[in-house]
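# Chains, contacts and geometry: an overview
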Amino acid sequence: MKAERAWSIPYRIKSIIGSFDIDDLASVSLDSYKEIFNNNTLHRFNDTMASVFYEAVHDIKAKYNGDASRIWSNNSSSAKVAYDFLQFKGSGKKIATMAANILARQFKVPFSDYYSIDISPDVHILRVMRRTGLVSYDADLDSVIYRARELNPEFPGIIDFSCWEIGRTWCRPNHSNCEECIICNDCKKIL
Ligand code: SF4
């Protein structure tokens with residue numbers, strides 16, 4: 001499913017429940033969340049994601065006193081933030097680093113370092129990294145992570161969003177609009 005749709009799920013739940021207060025969210029049962037997810041087709045895997053959402057709400061209440069920003073406040077290290085995100089049900093390395101990356105890059109949340117924010121490669125990022133020649137044409141996702149670390153060890157994930165956007169906008173699977181692509185002059189165009 002599209003990233004925009006996935007990231008909008010909390011907002012849609014807020015609209016449906018009429019509140020985003022943690023106590024109100026925690027008062028909704030797992031069965032009710034399953035009903036909300038299924039009735040509104042919030043996700044492809046509605047029962048699983050309803051359970052992930054339900055567990056996350058209760059984790060935030062229990063571990064962070066209902067305040068999720070405690071995960072990243074106080075100038076936390078990037079490793080601490082990624083670690084905390086990893087503890088949520090359904091979260092893996094890719095989601096944990098992506099969430100930390102969005103906080104740092106988009107919301108300008110200050111961390112004490114950015115070393116542990118890896119690139120979170122998907123098909124778009126892999127395609128762009130291969131075509132630009134930053135990795136070999138048959139490189140896998142792990143190779144992309146290590147190349148990004150080599151390119152910018154202080155913040156490996158800094159190129160994540162740029163590669164993703166280039167892949168979604170110009171560097172499409174079946175068509176490369178190199179003339180209009182913002183990195184046209186620097187790309188090796190290995191097509
Ligand atoms: S210049 Fe062409 S091949 Fe290179 S990233 Fe842009 S669209 Fe893709």
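Residues numbered from 1 in each chain as written. Predicted model: local features only at pLDDT ≥ 70, side-chain atom pairs only at ≥ 80, totals over all residues. Heavy atoms only, no water.

With that out of the way, let us pick up the overall build of the protein chain. A tally of helices and strands in the protein chain yields 10 helices and 0 strands. Helices and strands in the protein chain line up, N terminus first, as α-α-α-α-α-α-α-α-α-α. Looking at the protein chain as a whole, 39% of its 191 residues qualify as buried. Across the protein chain, contacts joining residues at least 24 apart in sequence account for 56% of those joining residues at least 6 apart. For the protein chain, the accessible area works out to roughly 11,000 Å², and carbon and sulfur atoms hold 53% of it. Computing the positive centroid from 24 side-chain charges and the negative centroid from 24, the protein chain places the two 3 Å apart. (Helix = DSSP H or I, 4+ residues; strand = E, 2+ residues; numbered from the N terminus. Buried < 20%, exposed > 50% of the residue type's maximum accessible area, 1.4 Å probe, protein only. Contact = heavy atoms within 4.5 Å. Areas by Shrake-Rupley, 256 points an atom, 1.4 Å probe, with all protein chains shown as cover. Lys, Arg positive; Asp, Glu negative; His and termini not counted. Charge placed at Lys NZ, Arg CZ, Asp CG, Glu CD.)

In globular proteins that are soluble, nonpolar side chains generally tend to be buried together. Ranked by internal contacts, the top residues of the largest apolar core, which has 28 residues, are Ile13, Tyr33, Phe85 and Phe111. For this core, the secondary structure elements donating two or more residues are α2 (9-17), α3 (22-26), α4 (30-39), α5 (46-64), α6 (78-86) and α7 (93-106). The contacts of Phe111, once residues within four sequence positions are left out, are Trp72, Asn75, Ser76, Ser78, Val81, Ala100, Leu103, Ala104 and Ile117. With 16 residues, the next largest nonpolar core counts Val128, Met129, Ala139 and Cys171 among its residues. (Core = buried A, V, L, I, M, F, W, Y, C linked by side-chain atoms within 4.5 Å.)

Size it by volume and the second largest pocket reaches roughly 280 Å³. Taken together, 17 residues make up the lining of the second largest pocket; nearest its centre are Lys93, Thr97, Asp118, Ile145 and Arg149. Elements with a minimum of two residues in the lining of the second largest pocket: α6, α7 and α9 (141-151). The leading source of residues in the lining of the second largest pocket is α9, at 5 residues. (1 Å grid on protein atoms, 1.4 Å probe; cavity = no way out; pocket = protein on both sides within 12 Å on 5 of 7 lines; lining within 4 Å. Points joined across faces, edges and corners; volume = space filled by probe spheres on them.)

It is worth spelling out the site of the ligand at this point. Taken together, the neighbourhood of the ligand is formed by Arg131, Ile166, Trp170, Cys171, Cys178, Cys181, Ile183, Cys184, Cys187 and Leu191. Residue composition of the shell around the ligand, by class: 9 nonpolar, no polar and 1 charged. (Near = heavy atom within 4 Å. Nonpolar A, V, L, I, M, F, W, Y, C, P; charged D, E, K, R; others polar.)

Looking now at the domain arrangement of the protein chain. Entries for the protein chain in the domain assignment read domain 1 (3-106) and domain 2 (118-191). Computed from C-alpha atoms alone, the centre-to-centre distance between domain 1 and domain 2 is 28 Å. Taken together, the contact between domain 1 and domain 2 spans 8 residues of the former and 12 residues of the latter. Between domain 1 and domain 2 the total buried area reaches about 760 Å² when both faces are included, carbon and sulfur atoms providing 51% of it. Together, Lys94, Asn101 and Arg105 form the three largest contributors to the area buried by domain 1 at its contact with domain 2, with a combined 53%. At the junction of domain 1 with domain 2, the criterion picks out 1 salt bridge. A salt bridge links Glu4 to Arg168, with the nearest nitrogen and oxygen atoms 2.4 Å apart. Where domain 1 packs against domain 2, one counts 5 residue pairs in polar contact (both at pLDDT 80 or more). (Domains from an automatic or database assignment. Buried area = accessible area lost by both parts, 1.4 Å probe. Salt bridge = Lys/Arg side-chain N within 4 Å of Asp/Glu carboxyl O. Polar contact = N/O pair within 3.5 Å; in protein donor to acceptor, adjacent residues only side chain to side chain.)

Close contact between α4 and α5 brings their axes to 8 Å; oriented N to C, the two are set at 130°. Judged by the angle between their axes, α4 and α5 are oblique. Crossing of α4 over α5 shows right-handed handedness. Here Leu30, Tyr33, Lys34, Phe37 and Asn38 of α4 lie close against α5, whose contacting residues are Asn46, Asp47, Met49, Ala50, Ser51, Phe53, Tyr54 and Val57. Within the contact of α4 with α5, the residues separate by chemical class into 8 nonpolar, 3 polar and 2 charged. (Axes fitted to C-alpha atoms, helices over the stretch in contact; angles between N-to-C directions. Parallel < 35°, antiparallel > 145°, perpendicular 65-115°, else oblique. Left-handed = near helix turned anticlockwise from the far one by under 90°.)

On to the packing of α6 against α7, then. Across the interface, α6 lies against α7 with an axial gap of 8 Å and an inter-helix angle of 130°. When the axes of α6 and α7 are compared, the pair comes out oblique. When the axes of α6 and α7 are compared, the crossing they make is right-handed. Contacts between α6 and α7 pair Val81, Ala82, Phe85 and Leu86 from the former with Lys93, Ala96, Ala99, Ala100 and Leu103 from the latter. For the contact of α6 with α7, the class distribution of residues is 8 nonpolar, no polar and 1 charged.

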